[in-house]
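Descriptive analysis of the structure
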Amino acid sequence: MKLNYGIIGTGMMGCEHIRNLKKIPDVNITAISDPNETSREWAIYACGDKFMPEQYSDHKKLLARDDIDVVVVATPNFTHIDIMRDVFETEKHVLLEKPMCTNLSDGLEVLEGSKKHSGLVWIGLEYRFMPPVQSLINKIDKVGKVKMLSIREHRFPFLKKVDDWNRFNKNTGGTLVEKCCHFFDLMNLLIPSNPHKVYASGNQDANHLDEKYDGEVPDIIDNSFVLIDYEAGQRAMLDLCMFAEGGKYEQEIVLTGDKGKLETKIPGNELLLTNRKENSFKSLEIEQDNRIKEIGFHHGSSFIEHLELINCIKTGTEPLVDSKAGLDSMLVGLAAQESIRSGQPVFLEEFLK
Ligand SMILES: NC(=O)c1ccc[n+]([C@@H]2O[C@H](COP(=O)([O-])OP(=O)(O)OC[C@H]3O[C@@H](n4cnc5c(N)ncnc54)[C@H](O)[C@@H]3O)[C@@H](O)[C@H]2O)c1
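We now turn to the structure provided with this report.

Scoring rules and cut-offs
- Residues numbered from 1 in each chain as written.
- Predicted model: local features only at pLDDT ≥ 70, side-chain atom pairs only at ≥ 80, totals over all residues.
- Heavy atoms only, no water.
- Disulfide = S-S within 2.5 Å.
- Buried < 20%, exposed > 50% of the residue type's maximum accessible area, 1.4 Å probe, protein only.
- Near = heavy atom within 4 Å.
- Polar contact = N/O pair within 3.5 Å; in protein donor to acceptor, adjacent residues only side chain to side chain.
- Areas by Shrake-Rupley, 256 points an atom, 1.4 Å probe, with all protein chains shown as cover.
- Domains from an automatic or database assignment.
- Axes fitted to C-alpha atoms, helices over the stretch in contact; angles between N-to-C directions.
- Helix = DSSP H or I, 4+ residues; strand = E, 2+ residues; numbered from the N terminus.
- Parallel < 35°, antiparallel > 145°, perpendicular 65-115°, else oblique.
- Contact = heavy atoms within 4.5 Å.
- Arc of directions from axis to C-beta.
- Salt bridge = Lys/Arg side-chain N within 4 Å of Asp/Glu carboxyl O.

Another point: the state of the cysteines. Summed over the entire model, instances satisfying the criterion amount to zero disulfides. Looking at the unpaired C101, the closest cysteine sulfur is the one in C181, lying at 11 Å. With a relative accessible area of 1%, C101 lands in the buried category.

Let us now look at the site of the ligand. Taken together, 28 residues lie around the ligand, and D34, S39, N77, E126 and K161 are the ones closest in. Between an oxygen atom of the ligand and a side-chain N or O atom of N77, the distance comes to 2.6 Å. The contact in question runs from a nitrogen atom of the ligand to an N or O atom on the backbone of G124, over 3.4 Å. When the ligand is considered free in solution it has 840 Å² of accessible area, and contact with the protein chains removes 91% of it. Two domains each put at least three residues into the shell around the ligand: domain 1 (3–125 + 304–320) and domain 2 (128–291 + 328–352).

Attention now goes to the packing of helix α5 (residues 104–116) against helix α11 (residues 323–342). For any two helices packed against each other, one specifies the crossing angle of their axes together with the interaxial distance. For the pair α5 and α11, the least separation of the axes is 9 Å and the interaxial angle reads 170°. Looking at the two axes, α5 sits roughly antiparallel to α11. Here L104, G107, L108, V110, L111 and S114 of α5 come into contact with α11, specifically with S323, K324, L327, M330, L331 and L334.

For the rest of this paragraph, the subject is helix α2 (residues 37–47). Along α2, the residues that are buried comprise S39, R40, A43, A46 and C47. Taken down its axis, α2 places every buried residue within 115° of arc, on the same side. Exposed positions of α2 whose direction lies more than 90 degrees from the buried face are E37 and Y45. Those residues of α2 that are buried lie in contact with α1 (12–22), β2 (27–33) and β3 (54–56). Where α2 begins, the side chain of N36 points an oxygen toward the backbone nitrogen of T38, at a separation of 2.9 Å.

Turning our attention to the pattern of salt bridges. Summed over all chains, the structure comprises 20 salt bridges. A salt bridge links R152 to D239; the nearest nitrogen and oxygen atoms lie 3.1 Å apart. Residue R152 is found in strand β7 (residues 146–154), and its partner D239 is found in strand β10 (residues 235–241); the two are separated by 87 residues along the sequence.

Inspection of the secondary structure puts R65 in the loop between α3 (59–63) and β4 (70–73). Here Y56 takes part through its side chain, which lies 3.0 Å from a polar atom of the side chain of R65. A polar contact is formed between the side chain of R65 and the side chain of D67, at a distance of 2.8 Å.

Here is the structure:
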């Protein structure tokens, strides 16, 4: 069965999806849409001579085509809700880029829409499929009962985007939603419980302070510590710094249980397993996923994301990363943004009301 794709939004991430889809058999990119002509040219360049998509400036025209089975939505975060309303008018399968939306009411609307939608709705939280993360997931029983999870991301500032949409909270949902939904998704995946209380401290201390767009200075934070308490007593912590370029690792993940600890660094090939009883550690090789044919910007995880999505479509199974996971990851980010604003802990049960 050949699947016909439509790509909505062909900036950085849309083109990353195109390059991944090029390496997958039985896939065609039938159409692309983007209001920006330069972005459309990037997409045509990315397609090379493999695909010859029809081009649209309006995504509604792409969605009106009956011959498209799957759409990829890779547009600025604040546009996701309107585009998803249009996708829900069709029966198409959709990969919606993270974060699902920028605010709670839009997120809840996408969750409800997904439940009624006949196509599959998949959220682009592909960090789950990075080989170091998959290796850690495969060995999780070695730590005993999970008690603590710490994720550190120390990296470069936000990149330039088309029309600079990522410089303002109103367009992104805030740094802890835009960027860190990936990490909150990993926390929700690795901890066998639900988050219930979020405390955060953060600020914009170094980045984008000398930039102005229509007279306005960007308002996105560039560093934060976020603590999350889970209902069953586990706790997680995110340590984010976005003025830390030049380091060896971008992410470090440490998962501790009552019997031992697993830790990994990305990019890297090592998983360390500490055993409390033996008072020792051993180094385990990361299991490489030999299905990966395109490394891209995310260590091959976007390629695996597409393979898994196609497998769910072909087998008629539920998406591995559904709208509930999309909402849960953005919910922690929104609560953390609110905790920074108010200086108070945020209880998710209250926040959801
Ligand atoms: N999963 C990941 O790891 C990852 C990485 C980067 C970006 N993203 C997400 O992908 C999305 C796009 O980010 P990007 O980095 O590609 O941004 P970008 O600015 O490079 O590209 C966005 C493109 O969307 C276009 N666009 C705007 N409105 C549109 C509409 N209605 N229809 C079609 N196109 C439209 C813009 O003209 C632009 O070309 C964002 O939601 C972002 O958070 C995800």
